[in-house]
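Notes for the structure review
Listed below are the residues making up each chain.
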Amino acid sequence: MAGLRIKKVWVDRKVEKDGLTRKLLDGLAGRPVEIVDSVEAVRRFIRQHSDPVGESKQHLFITAQPSFIRPCPCTPGCLGCGYWTIDLDLNCPFDCSYCILQDYLDGQPLTVAVNREQLGSELEEFFKQRPSGITRIGTGELADSLALDELTENSVFLIERFRDRPGFWLELKSKAGLPPALLRVSPADNVVLSWSLNPQAVIASEEKGTAGLEERLRAASRAVGHGYRVGFHFDPILHYPGWHQDYERVVEAIFRLVPVEAIAWVSLGSLRFPPGLLPLARRRFPQSRIYEHEFIRSAEGKYRYPRPLRQWLYRQLAEMFAGFGAEDRLYLCMETVEVWREFYGKIKRGRQNLAFPFPWQC
Amino acid sequence: MVYRLIKLSDLNLEDRRFRFTLNPVDQRLLRSVGAIGVLQPVIITARQDRQVLVDGWRRVEAARSCGLEELPALEIAENIGDLAVLLVAFFENYAKRPFSLAEKSLAIRKFYDFRLGADEIIERFLPLLELPPEGRMLELMLEVSLLGERFLEVIHRRDWKPVTVELLLGFPEAERAWLLSLIEKLTRNQQREIIENFYLLKRKTGKCLEDLAREEKLAGLTGRLLKGEISAADRLLAALREENSPLLSGLHRAIEAEVRTLGLPPKVRLDYDRALEETILRISLEAGEVTDLKEALQSLSETLEKKEWRRLFQLLHYEGE
């Protein structure tokens, strides 16, 4: 939670007396607190600011979520990987220039849900309804899984719910360091701690407030030492002069600290964003150069690097991973069938594994 | 409000404190006023012993053009404050037609200058104007309102969206003026694309617009456009797109060159996804009768035998920087 800057805590009246709310408020002692009837009051306050996105990251809203579990929507026209998400926290204290939540969350403050009993029941129901096969599910879709964990200890709650549920893989995805709570509980085989990675130069310029590359990799190494499996997400991969060398260094750094056997998966996804993000990001990150690249407008309306370049990036990354015998840990995130086919055709000739479950887990 | 007839000469038309609408008088209104005069009263109020127009600017202008001396008016009492009077002008027009972005910016500027609280503008008026109720939108609108008459007129006439104005504001003032001269007479889409492409090119190269405009590929086209040769706009856009999309432009050139070397018969056409997301070639044949079809297939088949097609498919499957 280093660097977490909360200006004000807002509490939804319906959870005012909840035990976890009290605990969270103790953890945030010293901040002004206001009880409100709904998130709309917080949003209204945030929207008045000239930088509502930046402001939204400094207001914490404690509430109860109406529901938690849903399938990851992927993106129209792309091949999904069968992922499920738990929307436990919403929004993120980190400020990445490429983050689509800036456009998507529309003034939503950092939101923490305290109705864990309901989450527990939803999970039980989920486990009952999907009794066979492997299901991957994570909390990192609309939030960073670990950024607020020192405060919420959501990770510990979830790990205990997933323990002894072998077909259900819980992923906690982050750009933060390793919260101490995760080292106090015994690891579970089906819990994957994963980190989004980018070269340090990219982290420094585009991922404001996050842990540095070294800290993320040391966190992964400590997690492996404790007995967890880990995952890595190269997403978004950015293309710029010198990108190859930079990413090569990241891949080398991974394998200096993490054995291939401990890696559950590595995702690859290149920069993409909805049109609404463009003016917002240009305004908020005038120094960023990532939006000056050549893009196409894809069928689903998002801007992406042209397909020839995306394939090139994925192939180069795959070759880097192949150098460490880890190419079969790779999958693509939000890519078209065409690109999946070309990618697997070249990397794993003859093995057309287009979606989850991944071959090493069958 | 009191109804009465007023003399046009009594109106202080220099005082435009309540004016935020920009539509000019058109021929239809002139014909109407010329035929039956002004029937719908304008709205006025007294300020510093003069009559100030609150609403009805087009009717007054038409009346003057038609040589009328008097027109009907509803007068708002002098002791009513500027903000309350502006609200009358705003809502009187609000029901009639959607405002352009330029008009919205002027209305917001006037509310702001008349000391309506920022909170109320954001929460009440931005949603009425179909703008997001955000502090940054208020800031943007206030900035737009200061762009000057010529800009506001273009923004109004071409119904610009906030995203285009925001990009324009990213240029220094002198460059904005140059851009305006360049795009003033173009369509909204051409205006938006030229601004967007120059913005990108400027960011990529770090050059100022003046230097970019002097570059070989662009100089002739910008020169022609500045001289009013509107037909140069599409070519300028194509040149700008090529500068900003070197990978795809290069591939398109190479693919088109390959297609030319195939020497296809006129009734056979090749097509492919211009975004190059798909890697397939679509072939269409033109045939009015079975013999046409046979002929077309035969000549396609001959081309396939004699010419090199592999390179074309390699280009469609190309991956690289």
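Going by the annotation in an unreviewed UniProt entry, the name recorded for chain B is ParB-like N-terminal domain-containing protein, with Candidatus Saccharicenans subterraneus given as the source organism.

As recorded in an unreviewed UniProt entry, chain A goes by the name Spore photoproduct lyase, listed as coming from Candidatus Saccharicenans subterraneus.

Right, let's get into the overall build of chain B. Scanning chain B from N- to C-terminus turns up 16 helices and six strands. Taken over the C-alpha trace, chain B has a radius of gyration of 29 Å; the compact-globule value for 321 residues is 20 Å, which it surpasses by more than 25%. Dimensions of chain B along its principal axes, counting C-alpha atoms only, are 90 × 50 × 40 Å. Looking at the 321 residues of chain B, the share that counts as buried comes to 46%. Contacts in chain B between residues at least 24 apart in sequence constitute 69% of all its contacts with a sequence separation of at least 6. A total of about 16,900 Å² of accessible surface is found on chain B, and carbon and sulfur atoms cover 51% of it. Chain B carries 49 positive and 54 negative side-chain charges, and their two centres are separated by 3 Å.

Looking now at helix H8 (residues 162-169) of chain B. A large share of H8(B) lies buried, amounting to six of its eight residues. What H8(B) keeps buried is the set B:Thr164, B:Val165, B:Glu166, B:Leu167, B:Leu168 and B:Leu169.

Relative to the helices and strands, A:Glu335 resides in strand S20 (residues 335-336). Setting aside residues no more than four positions away along its own chain, A:Glu335 makes contact with A:Cys78, A:Leu79, A:Ser270, A:Arg304, A:Arg310, A:Tyr314 and A:Trp340.

The subject of this paragraph is the packing of helix H10 (residues 188-205) of chain B against helix H13 (residues 232-244) of chain B. All names here are of chain B. The N-to-C vectors of H10 and H13 enclose an angle of 35 degrees; their axes lie 10 Å apart at closest approach. Crossing of H10 over H13 shows left-handed handedness. Within the contact between the two elements, H10 uses Gln 190, Glu 193, Ile 194, Asn 197, Phe 198, Leu 200, Leu 201 and Lys 204 and H13 uses Ala 233, Asp 234, Leu 236, Leu 237, Leu 240, Arg 241, Glu 243 and Asn 244.

All names here are of chain A. Within strand S11 (residues 168-174), six of the seven residues are buried, leaving the element largely enclosed by the surrounding structure. Taken together, the four bridges between strand S10 (residues 135-138) and S11 define a ladder with parallel strand orientation. Along S11, the bridge assignment pairs Ile 137 with Leu 170. In terms of strand pairing, S11 meets strand S12 (residues 191-196) through five bridges, oriented parallel. The partner of Lys 173 across the bridge, within S12, is Ser 194.

Segmentation of chain B into domains returns domain 1 (1-96) and domain 2 (261-316). Averaged C-alpha coordinates put domain 1 of chain B and domain 2 of chain B at centres separated by 66 Å.

Let us now look at the interface of chain B and chain A. Taken residue by residue, the interface counts 33 residues in chain B and 35 residues in chain A. Interface area for chain B against chain A, summed over the two sides, is near 2,900 Å², with a carbon-plus-sulfur share of 44%. Together, B:Arg203, B:Glu277 and B:Glu319 form the three largest contributors to the area buried by chain B at its contact with chain A, with a combined 26%. At the junction of chain B and chain A, the tally comes to five salt bridges. Between B:Arg203 and A:Glu292 there is a salt bridge whose closest N-O contact spans 2.7 Å. Scanning the region where chain B abuts chain A turns up 23 residue pairs in polar contact (both at pLDDT 80 or more). Taken together, the elements giving at least two residues each to the side of chain B that touches chain A come down to helix H5 (118-128), helix H6 (135-145), H8, H10 and helix H14 (246-262) of chain B.

Conventions used here
- Residues numbered from 1 in each chain as written.
- Chains lettered and ligands numbered in written order.
- Predicted model: local features only at pLDDT ≥ 70, side-chain atom pairs only at ≥ 80, totals over all residues.
- Heavy atoms only, no water.
- Helix = DSSP H or I, 4+ residues; strand = E, 2+ residues; numbered from the N terminus.
- Rg over C-alpha atoms; globule rule 2.2 N^0.38 Å.
- Buried < 20%, exposed > 50% of the residue type's maximum accessible area, 1.4 Å probe, protein only.
- Contact = heavy atoms within 4.5 Å.
- Areas by Shrake-Rupley, 256 points an atom, 1.4 Å probe, with all protein chains shown as cover.
- Lys, Arg positive; Asp, Glu negative; His and termini not counted.
- Charge placed at Lys NZ, Arg CZ, Asp CG, Glu CD.
- Axes fitted to C-alpha atoms, helices over the stretch in contact; angles between N-to-C directions.
- Left-handed = near helix turned anticlockwise from the far one by under 90°.
- Pairing = 2+ DSSP bridges.
- Domains from an automatic or database assignment.
- Buried area = accessible area lost by both parts, 1.4 Å probe.
- Salt bridge = Lys/Arg side-chain N within 4 Å of Asp/Glu carboxyl O.
- Polar contact = N/O pair within 3.5 Å; in protein donor to acceptor, adjacent residues only side chain to side chain.

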